[in-house]
Amino acid sequence: MSEPIRITTNDLARPEVDEYVELQAHFQRNIDPTGDQPWVIRVIYANWFYLSVCCMIGGLLGWAIMEPFFDDNALEGEGSLAAILLFPVVASSVGLFLGAAEGLMCRNIQRAVASGLTGLVVGFVGGFIALIPTSILFGVMTAFAVSLWKDPQPDAMPTGLALLVFMMGRGGAWSIAAIPAGIGPGIALRERSVIINGLMGAVLGGLLGGLLFDPISMVLISEDGQATFSRAVGFGTIGTLVGLFVGLIEGWTKTAWLLMRKGPLAGKQFILFKDTTILGSSPKADIYLFKDDAIEPRHATITNRGGRFEIEDCGTADGTYVNGIPIRSHVLRPGDQVVVGKTVLEFSVKESKSGGAG
């Protein structure tokens with residue numbers, strides 16, 4: 001029977017032991033416990049919330065630009081130019097704020113400016129192109145509504161079934177007009193999935209906002225027949241709903257994402273919609289991690305390999321850690337905590353019906 005190994009106090013005090021402990025500490029990154037953020041923070045960082053707010057501002061900006069050119073008591077035809085510019089201006093202003101929203105939330109001014117300007121241009125040009133189908137649709141539905149109106153009155157809103165048809169025509173027109181505003185961010189990022197999400201969100205938001213436009217107008221129109229405030233609320237509502245549905249559809253269709261557990265944007269969720277996502281301190285990185293000297297401009301990448309998300313360190317001095325262990329390459333699993341510098345990101349993936357992340 002072999003003798004038991006005995007470690008004395010002198011053995012523990014040897015310099016080699018201290019060096020080994022220091023080496024092990026260097027190659028690990030302790031993760032302090034991180035609790036859930038307060039619900040207010042979670043709501044503020046939810047994309048459906050900040051996209052709704054930004055697009056509402058965009059809708060109100062479009063109203064503020066166009067309202068001086070509207071006079072509801074003017075003779076027919078005097079406001080035709082304003083009517084022509086209405087869709088392009090509102091679509092471009094909503095597209096501007098929708099495109100800039102993500103960059104503003106992530107403190108990435110470079111991305112906010114680039115995506116915002118793309119949304120502005122796409123919204124304006126697309127708004128002009130949309131004038132043809134929207135005019136045809138709204139004209140047909142208006143004529144149908146008038147045919148159903150049993151007792152038509154000059155300068156009055158239809159009633160009954162005629163009003164419902166008229167509202168449907170308005171909703172259909174705005175669902176088309178909102179498309180250019182919704183697809184701008186995806187065009188800026190050159191990502192097909194973001195374009196599709198934006199298109200679907202814009203169609204749904206424009207449709208519902210358009211349906212509500214006339215009821216809002218009927219409630220808020222002033223005694224002298226001016227619809228100034230009703231248009232403000234109507235355009236703000238359309239913008240809000242476009243942003244809301246774009247955010248909701250992004251959430252419904254996402255497959256994998258990172259939640260910042262610790263860092264300057266703790267509580268913010270980053271959807272991994274690209275084949276390769278770059279994490280770094282450069283504003284050009286897909287996930288911009290600022291205010292941390294230990295994070296390099298291109299610090300790590302996450303690559304989607306057929307539903308398996310692999311993180312790779314880019315040969316950085318400080319390293320990339322998963323669950324406290326330094327890695328060169330690692331296939332992420334739900335719940336894994338990625339540490340770069342002082343930032344902690346938790347990986348999540350939506351389970352498929354066939355049984356999980358794989």
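Quick word on the overall build of the protein chain
Stage number 1. Helix and strand counts for the protein chain stand at 10 helices and 11 strands.
Stage number 2. Expressed as a percentage of the 358 residues in the protein chain, the buried residues total 44%.
Stage number 3. Pairs at least 24 apart in sequence give 61% of the contacts found in the protein chain among residues at least 6 apart.
Stage number 4. Of the roughly 19,000 Å² that the protein chain leaves accessible, carbon and sulfur atoms contribute 63%.

Brief notes about the sheet that holds strand β6 (residues 308–313)
What holds strands together in a sheet is hydrogen bonding between their backbones, with the strands either parallel or antiparallel.
Stage number 1. Spatially, 5 strands are ordered β4-β3-β5-β6-β9 in an open sheet, and the strand pairing comes out mixed. The open sheet terminates on both sides in strands that have one partner only, identified here as β4 (287–288) and β9 (329–331).
Stage number 2. Note that β6 and β9 share 3 bridges and pair antiparallel. In the sheet register, Glu312 faces β9, and the bridge partner there is Ser329.

Re the packing of helix α6 (residues 109–148) against helix α7 (residues 160–177)
Stage number 1. Between α6 and α7, the least distance of the axes is 8 Å, while the angle of their chain directions is 175 degrees. As the angle between them shows, α6 and α7 are arranged roughly antiparallel. Facing Ala130, Pro133, Thr134, Leu137, Phe138, Met141, Thr142, Phe144, Ala145 and Leu148 of α6, the residues of α7 in contact are Leu161, Ala162, Val165, Phe166, Met168, Gly169, Arg170, Gly172, Ala173, Ile176 and Ala177.
Stage number 2. Looking at the contact of α6 with α7 residue by residue, the class counts come to 16 nonpolar, 4 polar and 1 charged.

Re the nonpolar core
Stage number 1. Within the largest apolar cluster, 53 residues are counted, with the highest numbers of intra-cluster contacts made by Leu258, Leu272, Ile302, Ile311 and Phe347.
Stage number 2. Sorting elements by how many residues they give to this core places helix α5 (residues 80–105) first, with 10 residues.
Stage number 3. With residues near it in sequence (within four places) discarded, Leu272 still touches Ala256, Trp257, Leu258, Thr277, Ile287, Ile302, Phe309 and Phe347.

What to know about the pattern of salt bridges
Close approach of charged atoms lets side chains of opposite charge pair.
Stage number 1. Counted by the stated rule, this structure contains 7 salt bridges.
Stage number 2. A salt bridge links Glu102 to Lys268, with the shortest nitrogen-to-oxygen separation between them at 3.0 Å. With Glu102 in helix α5 and Lys268 in the loop between β1 (256–262) and β2 (269–271), this pair connects stretches of sequence that are 166 residues apart.
Stage number 3. Ionic pairing is found between Glu346 and Arg261, a salt bridge with its closest N-O pair at 3.2 Å. You can see Glu346 sitting in strand β11 (residues 343–349) and its partner Arg261 sitting in strand β1, a full 85 residues away along the chain.
Stage number 4. Residue Glu346 is classed as buried on the basis of its relative accessible area of 17%.
Stage number 5. We classify Arg261 as buried; its relative accessible area is 16%.

Regarding the side chain of Asp336
Stage number 1. Topologically, Asp336 is positioned in the loop between β9 and β10 (337–340).
Stage number 2. No salt bridge forms around the buried Asp336; measuring N to O, its nearest opposite-charge neighbour Arg333 is 6.3 Å away.
Stage number 3. Within polar-contact distance, the side chain of Asp336 engages the backbone nitrogen of Arg333 at 2.8 Å.
Stage number 4. Leave out the neighbours within four places in its chain, and Asp336 touches Val322, Asn323, His330, Val331, Leu345, Glu346 and Phe347.

Looking at the pairing of β10
Stage number 1. A two-sided burial pattern is seen for β10, the buried positions comprising Gln337 and Val339 on one face and Val338 and Val340 on the other.
Stage number 2. Relative to β10, strand β7 (residues 320–322) runs antiparallel, the two being bridged by 3 bridges. Across the sheet, residue Thr320 finds its bridge partner in β10, namely Val340.

A short note on the side chain of Glu67
Stage number 1. As for its position among the elements, Glu67 is in the loop between α4 (47–66) and α5.
Stage number 2. Polar contacts involving the side chain of Glu67 include one to the side chain of Arg231, which spans 2.8 Å.
Stage number 3. If we skip the residues at most four places from it in the chain, Glu67 touches Thr228 and Arg231.

So, the confidence of the model for the protein chain
Regions with low pLDDT carry predicted coordinates that are not meant to be interpreted in detail.
Stage number 1. The predicted model of the protein chain has a mean per-residue pLDDT of 87, with 84% of residues at 70 or higher.
Stage number 2. Note on residues 354–358: pLDDT under 50 across the span, and 6 contacts to partners over four residues away in sequence or across chains.

Section: the packing of α4 against α5
Stage number 1. Interhelical geometry of α4 versus α5 gives an angle of 150 degrees and a closest axis separation of 7 Å. Classed by the angle they form, the pair α4 and α5 counts as roughly antiparallel. In the crossing of α4 with α5, the sense of the turn from one axis to the other is right-handed. Where α4 abuts α5, its residues Tyr50, Leu51, Cys54, Cys55, Ile57, Gly58, Gly59, Leu61, Gly62, Ile65 and Met66 lie against Ala82, Leu85, Leu86, Val89, Val90, Ser93, Val94, Phe97, Leu98, Ala101, Glu102 and Met105.
Stage number 2. Its residues assigned to classes, the contact of α4 with α5 shows 18 nonpolar, 4 polar and 1 charged.

Some thoughts on unusual backbone geometry
Stage number 1. The backbone of Arg190 shows a phi angle near 60 degrees, a positive value even though the residue is not glycine.
Stage number 2. Looking at the element boundaries, Arg190 is found in the loop between α8 (179–189) and α9 (192–220).
Stage number 3. When its relative accessible area of 76% is taken as the criterion, Arg190 is described as exposed.
Stage number 4. Even without being glycine, Asn323 reaches a positive phi, approximately 55 degrees.

Quick notes on a nonpolar patch on the surface
Stage number 1. Where nonpolar side chains cluster on the molecular surface, the patch consists of Leu81, Ile84, Leu104, Ile109, Val113, Leu117, Leu120, Val121, Phe124, Val125, Phe128 and Ile129 and spans about 1,100 Å² of accessible area.
Stage number 2. Listing elements by their share of the nonpolar patch, those giving two or more residues are α5 and α6.
Stage number 3. The element best represented in the nonpolar patch is α6, accounting for 9 residues.

About the thresholds
Residues numbered from 1 in each chain as written. Predicted model: local features only at pLDDT ≥ 70, side-chain atom pairs only at ≥ 80, totals over all residues. Heavy atoms only, no water. Helix = DSSP H or I, 4+ residues; strand = E, 2+ residues; numbered from the N terminus. Buried < 20%, exposed > 50% of the residue type's maximum accessible area, 1.4 Å probe, protein only. Contact = heavy atoms within 4.5 Å. Areas by Shrake-Rupley, 256 points an atom, 1.4 Å probe, with all protein chains shown as cover. Pairing = 2+ DSSP bridges. Axes fitted to C-alpha atoms, helices over the stretch in contact; angles between N-to-C directions. Parallel < 35°, antiparallel > 145°, perpendicular 65-115°, else oblique. Nonpolar A, V, L, I, M, F, W, Y, C, P; charged D, E, K, R; others polar. Core = buried A, V, L, I, M, F, W, Y, C linked by side-chain atoms within 4.5 Å. Salt bridge = Lys/Arg side-chain N within 4 Å of Asp/Glu carboxyl O. Lys, Arg positive; Asp, Glu negative; His and termini not counted. Polar contact = N/O pair within 3.5 Å; in protein donor to acceptor, adjacent residues only side chain to side chain. pLDDT = per-residue confidence, 0-100. Left-handed = near helix turned anticlockwise from the far one by under 90°. Patch = residues over 30% accessible without salt bridge, like charges linked within 9 Å, V, L, I, M, F, W, Y side chains within 5 Å.

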